[in-house]
Amino acid sequence: MRFINLMKSRFFHSPFRLIHDVTYRCNCKCKICERWKKSLDYKNELTTEEIFEMLNNAKKAGIIMYAAQGGEPLLRKDLPQLLQYAKKLNFVTTVITNGFYLKERFYEILPFIDYLFVSIDSNDELHDEMRGLKGLREKAIEGIRLCKNSKTKITINSVISNLNLDKVEGLVELSEELEIPIIFQPMGVYKGYNENLKPTQPELKKTFSKIIELKKAGYKISNSYYYLQYIVRNKSYACHAPKCFTYVKPNGNIESCCFIIDKVWGNVKEKKFKEIFESKEFKEFYKKMENCNKCSVYAVIETSLAYSLHPRYLFENIFTSNFFKA
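Keep in mind that this is a model prediction, so the values were computed, not measured. (Residues numbered from 1 in each chain as written. Predicted model: local features only at pLDDT ≥ 70, side-chain atom pairs only at ≥ 80, totals over all residues. Heavy atoms only, no water.)

Trainee: Summarise the overall build of the chain; cite the residues concerned and give the values.
Mentor: When its secondary structure is counted, the chain shows 14 helices and nine strands. In terms of overall dimensions, the chain is globule-like: its C-alpha atoms have a radius of gyration of 19 Å, near the 20 Å expected for 326 residues. Taking the principal axes of its C-alpha atoms as reference, the chain extends roughly 45 × 45 × 40 Å. Within the chain, residue pairs in contact and separated by at least 24 positions form 72% of the contacts whose partners lie at least 6 positions apart. If you sum the accessible surface of the chain, you get close to 15100 Å²; carbon and sulfur atoms cover 51% of it. (Helix = DSSP H or I, 4+ residues; strand = E, 2+ residues; numbered from the N terminus. Rg over C-alpha atoms; globule rule 2.2 N^0.38 Å. Contact = heavy atoms within 4.5 Å. Areas by Shrake-Rupley, 256 points an atom, 1.4 Å probe, with all protein chains shown as cover.)

Following this line, the structure appears as C-alpha cells:
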C-alpha cells in the first residue's frame, strides 16, 4: 500500500499524508522541544466538528494517511472520536505520544490506530529530566506493554541531542526487552530555544555510526542504513516532503514543512486541500523545495529517498522488506 501511495504521489504530485498537531498543550516541559511553550499562542484549537470536516476535505484531496501529534495528543478528550472518524473514512492512522497517558486511555484509542510511536530518549532517569516530567519513562513503558497485544504497530521514537549521545545502547536494549522496533533521529532546532543542545557533526557521526553497528548486529532499528549513513556523512538529498506531506497546526493553519519554512497556505476552515495542491503557487513551491537539505527528520529523508526512486534505498526498504504492507 505504501509503495502504491508513493507512486500516486509521484504521478499527481499531491500529498498523501496529513500530519495534524491536534494541540500544543503538553504535560511535559521538554528541553529539546518548545511546543509546550506555544500552547498559549494556539488557544483556538480546531473543534471536533471542524476536524471531521478537515478529514472529509483531506479525503477528497486524495490524502489517505492521518497522523495525530502535539504537544501531547492524548490531552485532547475527543482524540478517540477523531481517530474513529478517520478510520471510518479509511485513513491509515498514526498517533505520536510521550506515553504518559497511555495506561489510562489506551483502550479508547487503540482500536482506531494503525501505528503508535512512543517517544523515549533514554532508558534511565535522564529521559524524565530531558522531558521535564517525573515518572514519564516508567509510565510510557507500562503503556507500551498494555498496547502490545493489539494489531497496532508500536515503535519507540528516540530523538538524539547532545544530552543523550551515549544512551543509544540502552535504548536498543529497551527495544529488545519490549520486542518492538526503534527509530533514531537528530533533534530538530527551534530557534532561540534549543540550539545549545544540537550535536556537532562529529558527535552525530560517532553516535549514528554506533547505531549502524547495532543495526548490523540484529537489533530492531527501523531506520534504513541509507538514512543512517546520510546522517553520518552529512550528505545532501532532494527534499520531496511537500509533495508527500501536509501539516495542519492546532488552529487549522495549513503548512508544507515541519521545521524550516513557515509558509502558511490558508486555514482548513476556509481553504480546501485540493485547491491548494492544484494551485500553480504550490507546484512552484514544492519544486523549489527540492534543493532544501536543512532538516534531518527521519520521515522526510526516508520518504524523499523513496520518492526519488533511489536504487539502493528501494532495494533495502521495498524489495527486501515489508514496505508494501504498511
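Trainee: So, the sheet that holds strand β1 (residues 17–21): which residues are in play, and what are the values?
Mentor: Spatially, β6-β5-β4-β3-β2-β1-β7-β8-β9 is the arrangement adopted by the nine strands of the open sheet, whose pairing is mixed. The open sheet has two edge strands, β6 (182–186) and β9 (264–267), and neither has a second partner. This sheet shows a mean twist of 25 degrees between the axes of neighbouring strands, independent of strand direction. Bridge count between strand β3 (residues 92–97) and strand β4 (residues 115–119): four bridges; the pairing is parallel. Its bridge partner being in β4, I96 is matched across the sheet by F117. Packed onto the sheet, helix α13 (residues 298–307) meets β1, β6 and β7 (245–248) and runs at close to 155 degrees relative to β7. (Pairing = 2+ DSSP bridges. Axes fitted to C-alpha atoms, helices over the stretch in contact; angles between N-to-C directions.)

Trainee: Give a description of the packing of aromatic side chains that names residues and reports values.
Mentor: Considering all chains together, one arrives at twelve aromatic pairs under this definition. With 5.4 Å between their ring centres and 50 degrees between their planes, Y226 and Y230 make a pair best called tilted. Here Y230 and Y226 lie together in helix α9 (residues 225–233), a separation of four residues that amounts to about one turn. Judged by its relative accessible area of 7%, Y226 is buried. Residues Y230 and Y237 carry aromatic rings whose centres are separated by 6.3 Å and whose planes lie at 70 degrees to one another, so their mutual orientation is edge-to-face. Taken together, the aromatic side chains of W265, F273, F277, F282, F285 and Y286 make up a single cluster linked through ring pairs. A cation over a ring is seen here: K215 above Y225, with NZ or CZ 5.1 Å from the ring centre. Above the plane of the ring of Y230 lies K235, whose end atom (NZ or CZ) is 5.3 Å from the centre. (Phe/Tyr/Trp six-rings, centres within 6.5 Å; stacked < 30°, edge-to-face > 60°. Buried < 20%, exposed > 50% of the residue type's maximum accessible area, 1.4 Å probe, protein only. Lys NZ or Arg CZ within 6 Å of the ring centre and 35° of its normal.)

Trainee: Before we move on, could you go through the pairing of β4 and cite the residues and values that matter?
Mentor: Most of β4 sits out of view: five of its five residues are buried. Because side chains alternate across β4, one face comprises the buried residues Y115, F117 and S119, and the other comprises L116 and V118, equally buried. Between the parallel pair β3 and β4, the chain is carried across by helix α4 (residues 102–109), and the sense of this crossover is right-handed. Bridge count between β4 and strand β5 (residues 153–160): five bridges; the pairing is parallel. Within the sheet, the bridge partner assigned to Y115 lies in β5 and is K153. (Right-handed = clockwise from strand over helix to strand, strands pointing away.)

Trainee: Residue-level account of the packing of α4 against helix α6 (residues 136–147), with values.
Mentor: The description of two packed helices rests on the angle between their axes and on the distance between the axes. The interhelical angle for the contact between α4 and α6, taken along N-to-C directions, is 30 degrees, at an axis separation of 9 Å. In terms of their interaxial angle, α4 and α6 are classed as roughly parallel. Where α4 crosses over α6, the handedness of that crossing is right-handed. Note on element contacts: α6 touches α4 through K139, E142, G143, I144, L146 and C147, opposite L102, K103, E104 and F106. Within the contact of α4 with α6, the residues separate by chemical class into five nonpolar, one polar and four charged. (Parallel < 35°, antiparallel > 145°, perpendicular 65-115°, else oblique. Left-handed = near helix turned anticlockwise from the far one by under 90°. Nonpolar A, V, L, I, M, F, W, Y, C, P; charged D, E, K, R; others polar.)

Trainee: Any details on the nonpolar core? Residues and values, ideally.
Mentor: One finds M54, L55, Y66, F184, F208, F273 and V300 to be the most contacted residues of the largest nonpolar core, which totals 93 residues. Sequence-distant contacts of F184, defined by excluding residues within four places in its chain, comprise S158, I160, V168, L171, V172, F208, I211, I221, N223 and Y227. The next biggest cluster of nonpolar side chains, apart from the first, holds 13 residues, and it includes F100, L126, M187 and L197. (Core = buried A, V, L, I, M, F, W, Y, C linked by side-chain atoms within 4.5 Å.)

Trainee: Could you give an account of the pairing of β5, naming the residues involved and the relevant values?
Mentor: A regular strand places its side chains so that they alternate between the two faces of the sheet. When you tally the buried positions in β5, you get seven out of eight residues, the bulk of the element. Looking at chain direction, β5 and β6 are connected through five bridges and run parallel. Bridging across to β6, S158 finds its partner in F184. Note that the unit made of β5, helix α7 (residues 168–178) and β6 has a crossover that is right-handed.

Trainee: Break down the pattern of salt bridges for me, with residues and values.
Mentor: Under the counting rule described, the total for this entry stands at 21 salt bridges. Because the salt bridges share partners, they merge into one network encompassing R25, E45, R76 and D78. (Salt bridge = Lys/Arg side-chain N within 4 Å of Asp/Glu carboxyl O.)

Trainee: Lay out the side chain of E72 with the relevant residues and their values.
Mentor: Relative to the elements of secondary structure, E72 occurs in the loop between β2 (65–69) and α3 (79–88). Within the structure, E72 has its side chain in polar contact with the backbone nitrogen of L74 (distance 3.0 Å). Among the polar contacts listed, one links the side chain of E72 to the backbone nitrogen of N98, at a separation of 2.8 Å. Residues contacting E72, with those up to four places away along its chain left out, are T23, R25, C26, N27, T97, N98, G99 and Y101. (Polar contact = N/O pair within 3.5 Å; in protein donor to acceptor, adjacent residues only side chain to side chain.)

Just distances and angles here, no functional claims.
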